[in-house]
Amino acid sequence: MDIKPLKFKQLSGLSEKQISEHHDVLYAGYVKKINEIRTKLESVNKDDVNATFSDFRELKVEESFALNGVKLHEGYFDNLGSNGRPQGKIIELIKEDFGSLENWDKDFRACGIAARGWVILAFDLDSKKLHNFICDAHNSYGIWNCIPLLIMDVYEHAYFLDYATARKKYIDVFMQNINWQFVNSLVEKYKIVELRK
Ligand SMILES: [Fe+2]
């Protein structure tokens, strides 16, 4: 896998240093590690495998951590970089499934305080509805058959340089920088409106 470049250097309320440490060091580290894991998986012993410990098992576990680390960070950086002004089809869908934009906003922010890693607004292909989910680590609590549409990183590394422990302030800043146009492009790309029928 290759490192996906950022479309911005800084954001309103998030410094260049904060973002470059997050993207160029942490995210880039996950890309490096998934490549290393995949290379090792090509030659690892698949005969002497064990569920308590084996090289194959450890590589498969860390594959889920590193690959989700890549995917979640790419989604996070992709859905930032604009002015946070709600717009487009996604807002209509949120209102349908959460009752109002305010209800969704309150739930999403509460998830941001409750989670130790990630908050994800996703479309559930089975219920055909939007839902906010939390993860404590890249590979925890992921729900299958869901399409992530908006991803917020709430690991301390996402904000500590700028906000120390003030996570609520960081969540405000995240919301003010959401690129809703990008979220709408995902609604189009995955044909979410058609899938709801
Ligand atoms: Fe992160």
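Located above this text is the structure these notes cover.
Residues numbered from 1 in each chain as written. Predicted model: local features only at pLDDT ≥ 70, side-chain atom pairs only at ≥ 80, totals over all residues. Heavy atoms only, no water.

This part is about helix α1 (residues 16–43). Three- or four-residue spacings in an α-helix give side chains the same orientation, since the helix completes a turn every 3.6 residues. Across its 28 residues, α1 extends 40 Å between first and last C-alpha, which sits within 8% of the 40 Å expected from 1.5 Å per residue. Most pronounced at Ala-28, the bend in α1 amounts to some 30°. Gln-18, Ile-19, His-22, His-23, Tyr-27, Ala-28, Tyr-30, Val-31, Ile-34, Ile-37 and Leu-41 are the residues of α1 that are buried. On its buried face, α1 sits against α2 (55–78), β3 (146–153) and α5 (160–163). (Helix = DSSP H or I, 4+ residues; strand = E, 2+ residues; numbered from the N terminus. Expected span 1.5 Å × (residues − 1). Bend = angle between axes of the 7 residues up to and from the residue. Buried < 20%, exposed > 50% of the residue type's maximum accessible area, 1.4 Å probe, protein only. Contact = heavy atoms within 4.5 Å.)

On to the nonpolar core. If you look at the biggest cluster of nonpolar residues, it comprises 62 residues, and the most contacted ones within it are Tyr-76, Ile-90, Ile-94, Trp-104, Tyr-170 and Phe-174. Beyond its immediate sequence surroundings of up to four residues, Tyr-76 is in contact with Leu-14, His-22, Trp-118, Ile-151, Met-152, Asp-153, Ala-158, Tyr-170 and Phe-174. (Core = buried A, V, L, I, M, F, W, Y, C linked by side-chain atoms within 4.5 Å.)

Looking now at the side chain of Asn-179. Summarising the element assignment, Asn-179 is placed in the loop between α6 (167–176) and α7 (180–189). Here Asn-179 falls in the buried class, since its relative accessible area comes to 14%. In terms of polar contacts, Asn-179 uses its side chain to reach the backbone amide nitrogen of Gln-181, at 3.2 Å. (Polar contact = N/O pair within 3.5 Å; in protein donor to acceptor, adjacent residues only side chain to side chain.)

Here we take up the coordination of the iron ion. By definition of the ideal shapes, a tetrahedral metal site with four donors has angles of 109.5 degrees and an octahedral site with six donors has angles of 90 or 180 degrees. Around the iron ion, the protein contributes the donor atoms His-22 (NE2), His-73 (NE2), Asp-153 (OD) and His-157 (NE2), at 1.9 to 2.1 Å from the metal centre. Coordination at the iron ion is tetrahedral: its four donor atoms span angles of 88 to 133° at the metal. Counting the intervening residues between successive donors of the iron ion yields the motif H-x50-H-x79-D-x3-H. Residue His-22 is found in helix α1, and its partner His-73 is found in helix α2; the two are separated by 51 residues along the sequence. Each of the two residues, His-22 as well as His-73, counts as buried. (Donors = N, O, S within 2.8 Å, 3.2 Å for Na, K, Ca; no water. Tetrahedral: all angles 85-135°; square planar, octahedral: opposite > 155°, others 65-115°.)

Turning our attention to the packing of aromatic side chains. With the rule as written, the count across this model stands at ten aromatic pairs. Where Tyr-27 meets Phe-77, the ring centres are 6.3 Å apart and the plane angle is 70°; that geometry is what we call edge-to-face. Within this pair, whereas Tyr-27 is found in helix α1, its partner Phe-77 is found in helix α2, the two being separated by 50 residues in sequence. For the pair Tyr-27 and Phe-77, one class covers both residues: buried. (Phe/Tyr/Trp six-rings, centres within 6.5 Å; stacked < 30°, edge-to-face > 60°.)

Another point: the pairing of strand β2 (residues 129–135). Sheet topology places strand β1 (residues 118–124) next to β2; seven bridges connect them, and they run antiparallel. Bridge pairing in β2 links Ile-120 to Phe-133. The hairpin formed by β1 and β2 contains four residues between the paired strands, and Lys-128 there has a positive phi angle of roughly 65°. (Pairing = 2+ DSSP bridges.)

Overall, the relative accessible area of 0% leaves His-73 in the buried class. Residues in contact with His-73, not counting those within four places in the same chain, are His-22, Tyr-27, Tyr-30, Trp-118, His-138, Asp-153 and His-157.

With that settled, the discussion passes to the pairing of β3. Most of β3 sits out of view: seven of its eight residues are buried. When β1 meets β3, the two strands line up antiparallel, connected through seven bridges. Note that in β3 the partner of Ile-120 across the bridge is Ile-151.

Before going further, it helps to spend a moment on unusual backbone geometry. Of note in the backbone geometry, Lys-128 takes a positive phi value of approximately 65° without being a glycine. Following the sequence through the fold, Lys-128 ends up in the loop between β1 and β2. Here the phi dihedral of Tyr-141 falls at roughly 65°; this positive angle occurs in a residue that is not glycine. In this structure, Tyr-141 sits in the loop between β2 and β3.

A separate point is the pattern of salt bridges. Per the counting criterion, the structure on display carries 13 salt bridges. The partner of Arg-196 in a salt bridge is Glu-96, and the shortest N-O contact between them spans 2.8 Å. Here the residue Arg-196 occupies a position in the segment after α8 (192–195), and Glu-96 occupies one in helix α3 (residues 89–98), the gap between them amounting to 100 residues. The residue Arg-116 makes a salt bridge to Asp-136 at a minimum N-O spacing of 3.6 Å. Placement of Arg-116 in the loop between α4 (101–114) and β1 and of Asp-136 in the loop between β2 and β3 is noted, with a sequence separation of 20 residues between them. On the basis of relative accessibility, which here comes to 18%, the residue Asp-136 falls in the buried class. The structure contains a network of salt bridges with shared partners spanning Lys-4, Lys-7 and Asp-78. (Salt bridge = Lys/Arg side-chain N within 4 Å of Asp/Glu carboxyl O.)

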